[in-house]
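# Fold and geometry: a report
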Amino acid sequence: MFIFVAIIVLVEVAAGLFIFSQFSSRTYRQEYAAIQQKADVVSKKVYQSHTENIGDIESDGELLSAILEECVATGEFDYYIIFNETHGGNIVSGGGLNLSGNIRDNYGLSYNSVGKIELDGNTYIFAPSALGESNYRIGGLKDFTERQKIISNLRGNTVAILIAAGMVITAAFIIYAYLLANKERTHHFKYRVRLDKEGRIIKSNAAFKHEFAAVSKIDTANLDKDNFNLVSMCGNVGERLVAMRLSPSVAHPLVLAGEVANADSFIQSGGSEDSGELDADGKATSSLSKVFEGFTTKGKRTLLGVLYISNLDRIKTLFGKQMAIDIQHIIVKKVREKFTYAYELDFAYIGVTYPDGKKLDNLMSDMEDIHRYINAPIKMEDNLFTLDVKAGFAMCDASMSPLNFEHAYKAAEAARQRVMDTNIADYIVYHESQRKLYDKYFITYDIKQMLSEGAFEMEYQPQYNIKEERIEGFEALFRVKKSWNVNVDTFSFITYAERTGAMVQLGDFIFDTGMQFAKKLEGKNVSVSLNVSPVQLMQAGFTENFLRLYKKYDLKPRSICVEITESFLMTNFTETLKKLDILTAQGIDVHLDDFGTEYSSLLYIKKLPISTIKIDKEFVKDVLTSKESQAIIKFITNIAKLLNRTTICEGVETTQEFDMLNYLGCDTIQGWIIGKSMKPEAALEIVDTFDYKRIAAAKNGGK
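Below, the structure is looked at part by part. All of these numbers come straight from a predicted model, not from anything done at the bench.

### Topic: the sheet that holds strand E1 (residues 79-84)
Taken in spatial order, the 5 strands make up an open sheet running E2-E1-E5-E4-E3, and their pairing is antiparallel. Two strands in the sheet have a free side with no partner beyond their single neighbour: strand E2 (90-93) and strand E3 (115-119). On average, adjacent strands in this sheet sit at an angle of 40 degrees to one another, irrespective of strand direction. Of the strand pairs in this sheet, E1 and E2 are connected by 3 bridges, and their pairing is antiparallel. Bridge pairing in E2 places isoleucine 82 opposite serine 93.

### Here's the deal with the sheet that holds strand E22 (residues 589-595)
The 8 strands are arranged E18-E19-E20-E21-E22-E23-E24-E25 in a closed barrel whose pairing can be described as mixed. Direction aside, neighbouring strands of the sheet carry axes that sit 30 degrees apart on average. Relative to the sheet, helix H17 (residues 503-520) contacts strand E18 (456-465), strand E19 (470-480), strand E20 (527-531) and strand E21 (560-565), its axis offset from that of E18 by approximately 50 degrees.

### Quick word on the environment of glycine 357
Here glycine 357 shows up in the loop between strand E13 (349-355) and helix H11 (358-365). With relative accessibility at 28%, the residue glycine 357 sits in the partly exposed group. Glycine 357 sits 56 residues away from arginine 301 along the chain, and the two C-alpha atoms are 8.3 Å apart.

### Considerations on H17
For H17, spanning 18 residues, the distance from its first C-alpha to its last is 26 Å, which sits close to the expected 26 Å at 1.5 Å a residue. Where H17 is concerned, the buried positions are Met503, Leu506, Gly507, Ile510, Phe511, Asp512, Gly514, Met515, Phe517 and Ala518.

### Here's the deal with unusual backbone geometry
That bond from serine 401 to proline 402 is cis: its omega, -5 degrees, falls within 30 degrees of zero. For proline 402, the position within the fold is in the loop between strand E16 (389-396) and helix H13 (405-422). One non-glycine residue, aspartate 120, lies in the positive phi region at around 50 degrees. One can find aspartate 120 in the loop between E3 and strand E4 (122-130). A relative accessible area of 79% places aspartate 120 in the exposed class.

Cut-offs used in this document
Residues numbered from 1 in each chain as written. Predicted model: local features only at pLDDT ≥ 70, side-chain atom pairs only at ≥ 80, totals over all residues. Heavy atoms only, no water. Pairing = 2+ DSSP bridges. Helix = DSSP H or I, 4+ residues; strand = E, 2+ residues; numbered from the N terminus. Axes fitted to C-alpha atoms, helices over the stretch in contact; angles between N-to-C directions. Contact = heavy atoms within 4.5 Å. Buried < 20%, exposed > 50% of the residue type's maximum accessible area, 1.4 Å probe, protein only. Expected span 1.5 Å × (residues − 1).

Take a look at the structure:
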C-alpha cells in the first residue's frame, strides 16, 4: 500500500508540475511577445534616425554613443547592447552591463529570438531587433528578477491546488493506455488488411477490396509498428500513395492504412516516409507538400525547412555515389530523430516540416544543439566524414502571404541561400516580417525578355604580358546594365540563369558579343577569353554552336580563349577533354581558371589541351607576406614553363605585388593595377596607350 500511495503522490506532483510548466510557459510567451514588440519599436525609431550612416557603427564612436543615448531615452528597457549578427552575435557595445564577446558563445543567447540571461544575481529578459536591413541589432535587457520570483513561488502552491486534477488525469491516462494496448482502434483507418507471414492478403475490408482489387500481396519489409510509411500502390484509378503501418499484438500482421490526401490522423500518430533511393521524380516533394498543407489547414504555425549537405558532392567524387547515398540516409535518420517529418528531396537535399505546439517551441529553442548533432562527424568503413549541413527554415503563420507550400518552400530556400551567401550562421529561420531582407531571393527574371530588350552588356578586363610589356588579352565579363537596377551580383544572376535553364541563351549572347569585340582587335595580337560554365559545356551541341559563332566572325587562330574552372573537371573529365580537343583543333586556346583552389591535379595540365593556367587571387592577396603562397605560385609557374604553358595571376592590385609575381616567374598580370573591367571603347583604346612603367612610377612616387 505504501508503494502504491507513493506512486500516486509522485504522479500527482508530476501532474501539478506539468500544469505549472504550461502556465509559466504561457506567461513567458506573453511577456516575451510584449518585450519583443517594444524592442522592435526602439530599433525602428533608431534606424529611422540614422538610416544613412547605420553601417558605420563599429568605426564611429560618436554614432555608437548617439544610438545608445537614443535607446535609453525611450525608457523601454533597463539596459541596451548593440551587436552584429555575424558568427551568432558579436557585441559592439555592452551598454551599462559591460557585456563583451559573442552573445551566443559567451551568454547562450540567440541573435534573432527573445531569451533569459542571469547576470550578477539578477534575471533579465533579452530581446533583439534588427536595425533595418543592416547586420546590426539592438538588444534590450529588462529586469525580470521580481517577476521571476513570483512565478517561482507559485510552483509549490500550484502543485498543492492541482494535485487532485493530477490524480484524475493520471487515472484517465492509465485507463486509456490500457485500452489502447489491448485493443487496436482499427475503425480510425480507411483500409484494414490481414496478411500471412509472406505478406499475402488473407482478408481485407470492403474499401480496400473496392479500390485495390488487383493487389494480392503487400511487401512488409519496409513497414514497421512505430511509424507510418508512404507506399505507392496500383489502384483502380491509377497509382496512389498510401500511408501504412503494421498493427502490434496480433497473430497475423494487420496493415492499417489510409489515403495520403486524408492522412492528418496518420501524420499525428508519428508518420514518416520510407526514403529508399534518392527521390528523382518529385514524389518526396509531393509528400512533404501534403504533410505541410495538412498542418497549415489548422490555422496555426508550421515550420518548413530545407537542409543541404554542402560537401556531399565532394564525398561522392572522392568515395563514390553509393557512399554518398549511404551518408545521406544516415543524415536523414538523424534529422527524423529531431524533426520526425523528414523527406529526401534530392541528392544532398532534405525537406522537413513540423506542426505548431509545445514541441515546436522546444525544437526551436534547441535548434543550435540539433544542428550540431546533425553535423556531427560520421564514421563509415574506417573513414571519418565531417559533414557541412546548411539549413534554411521558414516559420509559416497567418502573417505569411500567400500561406501555401510553394511560397513557404521559396522562403525556406531563401533562408538557406542567405546562409550560403553570408556565412553568418549554419542555419537561418525566415519569418514573413523579414521579407524585405530577402527580396532578392524571391525575385524572378525573364531572361529571354531581358535579352530582347538589351538589358545586358560585356565589359573587358585587360591582361598585361610582363616580358613583352603590352596588353596581350582581355577577359570578357558579363554585366547587367545599371539602368535595370537588378539587385543581385553577377555571380548570383549567372547562378539563377543556370538553375532556370536560361544559361544557354545567355551564353549565346556572351559568346557572340565577346567574339564581336575580338574581331575589332584583329591585327593587334590580342586575344579575348570567354568564361564557359559547366551547364554550357555539358549542353548537347555546345561545341557546334560555339564554332558556328566563331566561324561567323571569321576569327583568326589564338584570338579566342575559353576559360573553364578546375572544380568541374573531377566528375566530367572525359567529356570535357573531348570537347576541348575539338575547340583547340580550330585554333581556340584553353585557360584553366582558379587553379589551386579546389582539387588541383597535374593530370589536368598533362592531358587537357591547356595553354594557360590562371592562378587564383587567393594566393596573390597575401603573396608579399605568405611564404606558402609564394612557394605555391613559384611551383605552378615552374611547372607551366617546363610544360610550355603560360600563367596569369589574378587580383593584382599593387606595384609591390606586381614585382613579387614577376620575380616568382608569372607571365601575365590581371587586376586593378592594370585596369578594372571596362567598356569596349575604353578597352580598344588601352591596347595602344597603356604604359605600365608610367603607372608604376606615378603610384610609387605618390607614396
